[in-house]
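# Inside the fold
Here's the letter readout for the chains.
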Amino acid sequence: MRKVTRWHVLLAVFVAALCVPASGVSAGSGLPTKIGKGEGKLNLIAWEGYTQGQWVKPFQKKTGCIVHAKYAGSSDEMVTLMRQGGGSQYDGVSASGDASLRLIYGHDVQAVNPKLIPDYKNFIPALKSPPHNTIKGVHYGISLQWGPNTLLWNTKKVKPAPTSWSAIYSKAYKGRITIPDNPIQIADAALYLSKAKPSLGIKDPYELNSTQFNAAISLLKKQKPLIKKYWALASDEIGLFKSGDAVIGASWPYQTNTLKADKVPVKDTIPKEGATGWADTWMMSAHAKHPNCMYKWMAWISTPKVQAQQAIFFGETPANTKACTWMNKLSPGSASLYHCGASKKYFNSIKFWKTPIANCGNGQNNCMDYTKWQQAWTEMKG
Amino acid sequence: MRTARVRFTGFFWRHRWAKALLLLAPPLLAFALVYLASLVALFLSSFWTVDPFTSEIRHAWNIDNYRQLWQGGAYHSIAFRTIGIAAAVTVADAILAFPLGYFMARIAGGRSRAFAFVAVLLPLWSSYLIRVYIWRLILDHNGVLNWTLQKIGLPAANIGYTNWAVWLIFTYIWLPFMILPVYGALERVPDSFLEASRDLGAGGWTTFRRVLLPLTLPGVIAGSIFTFSLTLGDYITPLLAGGASSQFIGNVVYDNINNQLTPFAAAFAAVPLAVMGVYLLIARRLGAFEAL
Amino acid sequence: MESRATRLALTVWSALVVLFLWIPLALIMVYAFNKSNVEGWPISGFTTHWFHAAWTSEVRTSLWLSVRVGLIATGLALVLGSMAAFGVARFRFFGREAVSFLLVLPIALPGIVTGIALNSAFVAGNINLSTWTIVTGHATFCVVVVYNNVLARLRRSSPSLIEASQDLGADGWQTFRFIVWPVLSTALVAGGLLAFALSFDEVIVTTFTAGAQNTLPLLILGYIRLGQQLPVVNVIAFAMILLTSIPVLLAQRLTRDTGVLRPGAAEVTEAVETAQATAY
């Protein structure tokens, strides 16, 4: 039998989704119009740091919904957890763009009514109905926070300051480079190639045909001997920079801030080729047992102060524009540090994570789907 | 009441099989239903694939997963790395443990033996994760090891985030699992055997090789089951302390579970399963189970 | 018997191995008092601040879950493990050898295999992951600890004791109360403690059998992952080393004092038994 891969899944559901209204999900129909009484409990899957006591405790006090959070280490893990035990285990998930579409097309999450989230109207326009959580006007979640993947370096050891992603493919820092251990990192290689080798014709780093894909993989294979460690966890990279085991790498702003707070001489930048990034969404399970608490949670997490707290804690940008003043109140200067209320141009310069599918967006189906990315990543690391 | 109890006891005394059945059936049934059934189901699922529409397992028999494992060169090196490091850890632990076991069994007095016991048992009981994590701190570029080496004028070791680090940490963590059975085996060798060997003119090395080692081998093998198997099935130490080329079978299995590719994960998990199956059968033949 | 040089070499080697085992633990204890939350070396100052900081509701919830899971799994293991041990020790039957082989599998096979096997079984059976699935996972490998401890004790105690008791007119309950229980109680306590310890520290199987709950090791893994609460991790480690020393010393003492059956050799043989059980 022919091997059945996920792109068949995605392709099939994608096609099915295009033929929607028939499948029963249409805007406005069947959505709740007010939030009922809380069920007293809320089970969440979250990125670590997304359910900190400083904003979970007041929420529990206010709503009586006791939060149980399970931390997931990757988007893949989030999808797996959401499907576990028929999908009724968890009420919600803080999905990034590379998980959200998989969850929507897998019917793992349900449509939500943004009118029940008072702060929704204050969101930056780009995150009101972004393509990673809104399909044909149907909202499958409430945007949360976003941020870029940056180039991080030790200012004492790396001179002059790098301006291009070429620095992490350069022999100059052999054995002192670190990049994330995540198949989606192939997109970073592709983004670099799109500028370094225009002949490949890479337009979108998540839509790669086999030639483009192989070029990215062979770049990563060449990079492998230069790598100290593929970091699986943010703390891995922080540790590597603190100890001096790594001096340059692909990073999140969170690491930069943590390192700076600990007086490690580091800086980060968005190199000239641009950057990939994440935009997270709180989504509600299709089989949520505590939907009212989940609505209350989405409303709470969208309020300016909580948005600001989380943005500062994790080092990312809130969706709610009203959060910026709160950020400066809580930690002076943090609003501009994390680009709060950033321009549309800055937002658009980031290539947000999305799930690679076979459909290249141009009517052709010759792109490499995410299963291929996962396999290639495992085999590249060896 | 009392007569009833006597009659009851009497029944089981006459029908011993009934008592045996009563005692053995609940644990073995529970065990078979929960554990063995899961194991068999897992093995069977490695011959299945994932349904394209529902992501559910499709029960159509094929060996595609194994074919992919066989063809992908990366999976071979991952398997060899895992088995190789597990073997290296076992050897290192045996070398570290044997003299200590000997000391505890034959040289130490009551007090120092008790001390050594606690010294071996306590690390075993402290958290596995914390022990991995502290080693990461020690082996860091700026860690205790390099600091010490620098103080005594030696060059930095820089083995953090390499396969050497993974090997060292596994050796550390599983060492007590080797010490205890080796000690048990050494303690059971009667003094008179060693005396006899010496009286017959054997030197220390010959006595070790011809008398002590054969008698204690089951203990060493019993210990090796743990050091080898625990290393073989781990993925957290390579994740936390490994470098760019430290993927273990466990890491690939874990990633594939997260990728919803359970059948493929099951197929790769069959490798350590098969290795351990063979290992256990050999261990049993060598009498290690008596020494456990 | 050994030459002086050999004895000296063995003693030095043993001391070095014990140091190798203990230096990292000592370091963890030092780090618990580190003033800075940066884990550099040498530590930057002394503080007991983290000891207050560690007692959060998150830590308490996880600790309580771990304790609960450990107790239930240990309870199950005590019942099932001693039943199996009695069956194997007292009766000869076809496949008796296989029982030991079978029961040792959850520990002898790689943890990840046990983990994903149980996980897929739960998923396939549409069983929600909960405290009970964690308990199930833990019980599978705790049974063997008790089984071995009890079996070792039964093998060394003579069955004629029971026969003698019956010949003297004791009924089953009396025999159990006055003969079997005194012989077994310490083996059960030692086995139970070890089973609890195994369960309390388990990560790999738990990762695959826990639902929305965090046991203490899962919480620690999370902390290490994000590097947010490392001082808290150090403090937990410190506390755990101190706390576990109580059952270790207790198990040591308990197994040492039971010289009823073979007076004289008791000290050593009982220690071996602890060793074997631990090795499982």
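Residues numbered from 1 in each chain as written. Chains lettered and ligands numbered in written order. Predicted model: local features only at pLDDT ≥ 70, side-chain atom pairs only at ≥ 80, totals over all residues.

Below, the discussion takes up the overall build of chain A. A count of helical and extended segments in chain A gives 14 helices and 15 strands. Taking 382 residues into account, the globule formula puts the C-alpha radius of gyration at 21 Å, and chain A, at 21 Å, falls close to it. On the principal axes, the C-alpha backbone points of chain A span a range of 60 × 55 × 35 Å. The proportion of buried residues among the 382 residues of chain A is 58%. Considering only contacts in chain A between residues 6 or more positions apart, those separated by 24 or more positions represent 72%. (Helix = DSSP H or I, 4+ residues; strand = E, 2+ residues; numbered from the N terminus. Rg over C-alpha atoms; globule rule 2.2 N^0.38 Å. Buried ≥ 20, exposed ≤ 12 C-beta atoms within 10 Å, placed from the backbone. Contact = placed C-beta atoms within 7 Å.)

Here we take up the overall build of chain B. Counting its secondary structure elements, chain B contains 14 helices and 2 strands. Expected size for 292 residues packed as a compact globule is a radius of gyration near 19 Å; at 25 Å, chain B overshoots this value by more than 25%. For the C-alpha atoms alone, the extent of chain B along its principal axes is close to 80 × 75 × 40 Å. Relative to its 292 residues, chain B shows a buried fraction of 52%. For chain B, the share of sequence-separated contacts (at least 6 apart) that also reach a separation of at least 24 residues comes to 70%.

Residue and element names in this part refer to chain A. Taken domain by domain, chain A holds domain 1 (6-144 + 279-352) and domain 2 (148-276 + 357-381). Taken over C-alpha atoms, the centre of domain 1 sits 26 Å from the centre of domain 2. Here the side of domain 1 that touches domain 2 gets 5 residues from one element, more than from any other, and that element is helix α1 (residues 6-18). The class makeup of the residues in the side of domain 1 that touches domain 2 is 7 nonpolar, 4 polar and 4 charged. (Domains from an automatic or database assignment. Nonpolar A, V, L, I, M, F, W, Y, C, P; charged D, E, K, R; others polar.)

Counting from both sides, the interface comprises 28 residues of chain A and, opposite them, 29 residues of chain B. Within the residue set of the side of chain A that touches chain B, elements represented by two or more residues are α1, α3 (75-83), β10 (227-231), α7 (234-243) and α14 (370-381) of chain A. Broken down by element, the side of chain A that touches chain B gets its largest block of residues, 5 residues, from α3 of chain A.

Before going further, it helps to spend a moment on the interface of chain B and chain C. Each partner contributes to the interface: chain B provides 89 residues, whereas chain C provides 75 residues. Residue composition of the side of chain B that touches chain C, grouped by class: 67 nonpolar, 15 polar and 7 charged.

Residues and elements named next belong to chain A. Within the fold, C367 resides in the loop between β15 (350-352) and α14. Among the residues examined, C367 registers 22 C-beta atoms within 10 Å and is labelled buried. Between the C-alpha atom of C367 and that of S349, which follows or precedes it by 18 residues, the distance is 23 Å. If we ignore the near neighbours within four places in the chain, the residues touching C367 are E207, L208, N209, P356, I357, A358, N359 and C360.

Once that is clear, we can look at the sheet that holds strand β11 (residues 248-251) of chain A. Residues and elements named next belong to chain A. Strand order across the open sheet formed by 5 strands is β10-β9-β11-β8-β12, with mixed pairing between neighbours. Unpaired on one side and paired on the other, β10 and β12 (266-269) mark the two borders of the sheet. Across the sheet, the axes of successive neighbouring strands diverge by a mean angle of 20 degrees, strand direction being ignored. With 4 bridges connecting them, strand β8 (residues 150-154) and β12 associate as antiparallel partners. Residue L151 lies in a different strand from β12, and its bridge partner there is T269. Contacts from helix α8 (residues 253-261) reach β8, β11 and β12 within the one sheet, and its direction differs from that of β12 by about 160 degrees. (Pairing = 2+ DSSP bridges. Axes fitted to C-alpha atoms, helices over the stretch in contact; angles between N-to-C directions.)

What follows concerns helix α1 (residues 4-31) of chain C. All names here are of chain C. Over its 28 residues, α1 extends 40 Å from the first C-alpha to the last, a length consistent with the 40 Å expected when each residue adds 1.5 Å. Largest kink in α1: about 30 degrees, centred on W22, with the proline P24 one to four residues after it. Restricting attention to buried positions, one finds in α1 the residues L10, S14, V17, L21, P24, I28 and Y31. (Expected span 1.5 Å × (residues − 1). Bend = angle between axes of the 7 residues up to and from the residue.)

So, about the environment of L31 of chain A. All names here are of chain A. Residue position: L31 is located in the loop between α1 and β1 (41-47). When the 15 C-beta atoms within 10 Å are taken as the criterion, L31 is described as partly exposed. The sequence separation of L31 and A111 amounts to 80 residues, and the corresponding C-alpha distance is 7.4 Å. Excluding anything up to four places from it in sequence, L31 contacts A111 and N113.

Counting 172 residues, the largest nonpolar core has F268 of chain B together with A77 and I116 of chain C as the members making the most contacts within it. Counting residues per element, this core draws most heavily on helix α8 (residues 163-187) of chain B, which supplies 16 residues. Among all residues touching F268 of chain B, those that are not within four sequence positions of it are L69, Y75, I249, V252 and V253 of chain B. With 116 residues, the next largest nonpolar core counts V79, A323, I357 and Y370 of chain A among its residues. (Core = buried A, V, L, I, M, F, W, Y, C linked by C-beta atoms within 7 Å.)

What follows covers the packing of α8 of chain B against helix α10 (residues 204-232) of chain B. All names here are of chain B. The N-to-C vectors of α8 and α10 enclose an angle of 160 degrees; their axes lie 8 Å apart at closest approach. The angle between the axes of α8 and α10 places the two elements in the roughly antiparallel class. Two packed elements cross with a definite hand, and for α8 against α10 that hand is right-handed. Contact with α8, carried on its side by F170, W174, F177, M178, P181, V182, G184, A185 and L186, involves T216, P218, G219, V220, A222, G223, F226, T227, L230 and T231 of α10 and no other residues of that element. (Parallel < 35°, antiparallel > 145°, perpendicular 65-115°, else oblique. Left-handed = near helix turned anticlockwise from the far one by under 90°.)

Moving on: unusual backbone geometry. All names here are of chain A. Each neighbour pair has its own omega, and for K159 with P160 the value is -5 degrees, a cis peptide bond. Relative to the helices and strands, P160 is located in the loop between β8 and β9 (177-180). Of note in the backbone geometry, K136 takes a positive phi value of approximately 50 degrees without being a glycine. Residue position: K136 is located in the loop between β5 (134-135) and β6 (138-139). The backbone phi angle of H339 is positive, close to 60 degrees, even though this residue is not glycine. With respect to the element layout, H339 can be found in the loop between α12 (334-337) and α13 (344-349).

It is worth spelling out the confidence of the model for chain B at this point. Residue and element names in this part refer to chain B. In the predicted model, chain B carries a mean pLDDT of 84, and 90% of its residues have values of at least 70. Ranking the helices and strands of chain B by mean pLDDT puts helix α4 (residues 73-107) first, with 93, and helix α1 (residues 2-14) last, with 58. Interface predicted TM-score (ipTM) for the complex: 0.83; the corresponding pTM is 0.82. (pLDDT = per-residue confidence, 0-100.)

Right, let's get into the pairing of strand β7 (residues 142-148) of chain A. Residues and elements named next belong to chain A. Taking burial as the measure, the 7 residues of β7 include 7 buried ones, the bulk of the element. Bridge analysis of β7 against strand β13 (residues 275-285) gives 5 bridges, and the strand direction is antiparallel. The residue of β13 that forms the bridge with G147 is W278. As defined by bridge partners, β7 adjoins strand β14 (residues 317-318) across 2 bridges and the pair is classed as antiparallel. Note on β14: the bridge partner recorded for W146 is T317.

Interaxial distance between helix α13 (residues 262-285) of chain B and helix α5 (residues 111-124) of chain C falls to 10 Å at its minimum, and their mutual angle equals 145 degrees. Handedness of the crossing formed by α13 of chain B with α5 of chain C: left-handed. On the side of α13 of chain B, the interface is formed by T262, A265, A266, A269, P272 and L273 of chain B, while α5 of chain C contributes I112, V113, I116 and S120 of chain C. Residues that form the contact of α13 of chain B with α5 of chain C fall into these classes: 8 nonpolar, 2 polar and no charged.

All names here are of chain A. Here chain A shows a mean pLDDT of 87. Residues at 70 or above account for 92%. Per-element mean pLDDT across chain A ranges from 45 in α1 up to 96 in helix α9 (residues 291-301). Note that residues 1-7 has pLDDT below 50 and, in this model, 16 contacts with residues that lie over four places away or in other chains. Low pLDDT, under 50, characterises residues 9-28; the stretch is placed with 27 contacts to residues that sit more than four places away or in other chains.

Moving on, we come to α8 of chain B. Along an α-helix, a turn takes 3.6 residues, which lines up residues three or four apart on a common side. Residues and elements named next belong to chain B. In this model α8 runs 35 Å from its N-terminal to its C-terminal C-alpha over 25 residues, within 8% of the 36 Å that 1.5 Å per residue would give. At W174, α8 is deflected by roughly 45 degrees, the largest bend along its length, and proline P176 occurs up to four residues later in sequence. Most of α8 sits inside the fold, with 21 of its 25 residues counted as buried.

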